[in-house]
Amino acid sequence: LAVVGGVIGTIWVSAANMYESQKRTATLDIVILAVKKMQNILKNVPDGTYPHLYSFDNVAVGMGALPSNLTTPYGRIYIQSYGYDGENDFRIGLHSVSKGACYRIIKYFSENAKTTNLSYIGITDADTGSGSSIILGTGTFPISEEVLQDKCGQCGGLITLAFNWN
């Protein structure tokens, strides 16, 4: 009976790991597509056109940059303008992200910061649970493995990625 239990437990763990891996991959694919499409949609829009925190969700859905239900396998996703003093950035927020997905998404974008025009990464601290209390800016890209492990280990489920659109 113990052997059967061990086999079933091993199968259960393998299936859970595979499911988590599929969720991370699907989420990363959604974010990559959203970044590319939003930068294409906004590339000729002048600085300061949109007010700070203007929601691009409807535009993004209409242009196929986001799923119509505004979700990833982890939870809600949103896109909004993010710019002070006429800057032209947009940010993508991902809710309910696991620590593993945090690692994979941030690793990808920090390694590709120049080609995606990444401005910053915000990670909600699990201890505070509010705001993006851990900010990683352009001077930290690509993020070292040690910092990546540390910061994603503190992830409270919300990560924010900001990109320049032109």
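Everything discussed here concerns the structure shown above.
Residues numbered from 1 in each chain as written. Predicted model: local features only at pLDDT ≥ 70, side-chain atom pairs only at ≥ 80, totals over all residues. Heavy atoms only, no water.

Caption draft 1: Spatial organisation of unusual backbone geometry. For the bond from F141 to P142, the omega torsion is -10°, close enough to zero to count as cis. On the secondary structure map, P142 appears in the loop between β4 (134-137) and α5 (145-153). At L70, a position not held by glycine, the phi torsion is positive, near 55°. Along the chain, L70 falls in the loop between α2 (57-62) and β1 (77-81). A positive phi angle is found at N117, which is not glycine, with a value near 60°. Tracing the backbone shows N117 in the loop between α4 (113-116) and β3 (118-125). Classification of N117 as partly exposed rests on a relative accessible area of 34%. (Helix = DSSP H or I, 4+ residues; strand = E, 2+ residues; numbered from the N terminus. Buried < 20%, exposed > 50% of the residue type's maximum accessible area, 1.4 Å probe, protein only.)

Caption draft 2: Representation of helix α3 (residues 99-111) in the model. In this model, α3 (13 residues) spans 18 Å end to end at C-alpha, consistent with the 18 Å of a helix rising 1.5 Å per residue. What α3 keeps buried is the set A101, C102, I105, I106, F109 and S110. Along the axis of α3, the buried positions cluster into a sector of 145°, meaning they face one direction only. (Expected span 1.5 Å × (residues − 1). Arc of directions from axis to C-beta.)

Caption draft 3: Molecular detail of the packing of aromatic side chains. Inspection of the entire model under this criterion finds six aromatic pairs. Ring pairs connect the aromatic residues F90, Y108, F109 and F163, which therefore count as one cluster. (Phe/Tyr/Trp six-rings, centres within 6.5 Å; stacked < 30°, edge-to-face > 60°.)

Caption draft 4: Up close: the environment of G122. When you line up the elements, G122 lands in strand β3. The spacing of G122 and C155 is 33 residues in sequence and 9.7 Å in space, taken between C-alpha atoms.

Caption draft 5: How the structure looks around the pattern of salt bridges. If you walk through the whole model with that rule in mind, you get five salt bridges. Across the pair K107 and E111 runs a salt bridge whose closest N-O atoms are separated by 2.9 Å. With K107 and E111 both in helix α3 and four residues apart, this pair spans about one turn of that helix. For K107, the salt bridge goes to E145, with nearest N and O atoms at 3.8 Å. Pair noted here: K107 is in helix α3 and E145 is in helix α5, with a separation of 38 residues, a long-range link. On the basis of relative accessibility, which here comes to 27%, the residue K107 falls in the partly exposed class. Residues joined by salt bridges that share partners form a network here, namely K107, E111 and E145. (Salt bridge = Lys/Arg side-chain N within 4 Å of Asp/Glu carboxyl O.)

Caption draft 6: Fine view of the packing of α3 against α5. It is the contact of α3 with α5, at a shortest axis distance of 9 Å, that shows an interaxial angle of 140°. Considered as vectors, α3 and α5 are oriented oblique to each other. Where α3 crosses over α5, the two elements pack in a sense that is right-handed. Residues K99, C102, Y103, I106 and K107 of α3 pack against E145, L148, Q149, C152 and G153 of α5. Tallied by class, the residues present in the contact of α3 with α5 amount to five nonpolar, two polar and three charged. (Axes fitted to C-alpha atoms, helices over the stretch in contact; angles between N-to-C directions. Parallel < 35°, antiparallel > 145°, perpendicular 65-115°, else oblique. Left-handed = near helix turned anticlockwise from the far one by under 90°. Contact = heavy atoms within 4.5 Å. Nonpolar A, V, L, I, M, F, W, Y, C, P; charged D, E, K, R; others polar.)

Caption draft 7: Up close: the side chain of Q39. As for its placement among the helices and strands, Q39 is situated in helix α1 (residues 2-42). Looking at Q39, the relative accessible area reads 14%, which means it is buried. The contacts of Q39, once residues within four sequence positions are left out, are F90, T116, N117, F163, N164 and W165.

Caption draft 8: Structural detail: the pairing of β1. Most of β1 is tucked away, with five of its five residues classed as buried. The alternating pattern of β1 places I77, I79 and S81 and Y78 and Q80 on opposite faces, both of which are buried. Pairing between β1 and strand β2 (residues 89-94): five bridges, direction antiparallel. Counterpart to I79 in the pairing with β2 is I92. (Pairing = 2+ DSSP bridges.)

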